[in-house]
Amino acid sequence: MTQRVTVSLPDDVAQRLEQEPNASAFVAEAIRQRMVREQGRQLLADQGFNITDEGVARARARLAEADAKWTPERRQQLRERMGRPSGRRVA
């Protein structure tokens, strides 16, 4: 079952949505992803973890710092140690 919903969007978001062949599916997937994140936060909160937007921002910044330290050479060395060919990604 589906429902038709009308929303107002900022211009940049509306322009991005216009690029999608199936805007409804794109929006539905984005909202589902948000719902999963909210459920994850709620599960953690139920276990006593206080997840804040500031804490998430700090964690993302730390991850970005760590990721920035990985040079292409270092990534290649790790691939070789793991026996993976160059540039191959595992999903």
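Residues numbered from 1 in each chain as written. Predicted model: local features only at pLDDT ≥ 70, side-chain atom pairs only at ≥ 80, totals over all residues. Heavy atoms only, no water.

Naming follows an unreviewed UniProt entry, where the chain appears as CopG family transcriptional regulator of Plantactinospora solaniradicis.

Our focus in this paragraph is the overall build of the chain. The helix and strand inventory of the chain stands at four helices and zero strands. Walking the chain from its N terminus toward its C terminus, one meets helices and strands in the order α-α-α-α. Taken over C-alpha atoms, the radius of gyration comes to 20 Å for the chain, far larger than the 12 Å a tight globule of 91 residues would show. Taken along its principal axes, the extent of the C-alpha atoms in the chain is 50 × 40 × 30 Å. (Helix = DSSP H or I, 4+ residues; strand = E, 2+ residues; numbered from the N terminus. Rg over C-alpha atoms; globule rule 2.2 N^0.38 Å.)

Our next topic: the confidence of the model for the chain. Overall, the predicted model of the chain reaches an average pLDDT of 91, with 93% of residues at or above 70. No element of the chain has a lower mean pLDDT than helix α4 (residues 72-81), which averages 90, and none a higher one than helix α1 (residues 11-18), which averages 97. (pLDDT = per-residue confidence, 0-100.)

We now examine the pattern of salt bridges. Between side chains of opposite charge, a pair can form as their charged atoms come close. With the rule as written, the count across this model stands at four salt bridges. Between Glu-20 and Arg-16 there is a salt bridge, with its nearest N and O atoms 2.7 Å apart. In this structure, the salt-bridge partner of Arg-34 is Glu-38, at a minimum N-O distance of 3.2 Å. Of this pair, Arg-34 and Glu-38 both sit in helix α2 (residues 23-46), four residues apart, which is roughly one turn of the helix. A relative accessible area of 48% places Arg-34 in the partly exposed class. (Salt bridge = Lys/Arg side-chain N within 4 Å of Asp/Glu carboxyl O. Buried < 20%, exposed > 50% of the residue type's maximum accessible area, 1.4 Å probe, protein only.)

Across all of its chains, the model carries zero aromatic pairs by this definition. Over the ring of Trp-70 we find Arg-74; its NZ or CZ atom is 4.1 Å from the centre of that ring. (Phe/Tyr/Trp six-rings, centres within 6.5 Å; stacked < 30°, edge-to-face > 60°. Lys NZ or Arg CZ within 6 Å of the ring centre and 35° of its normal.)

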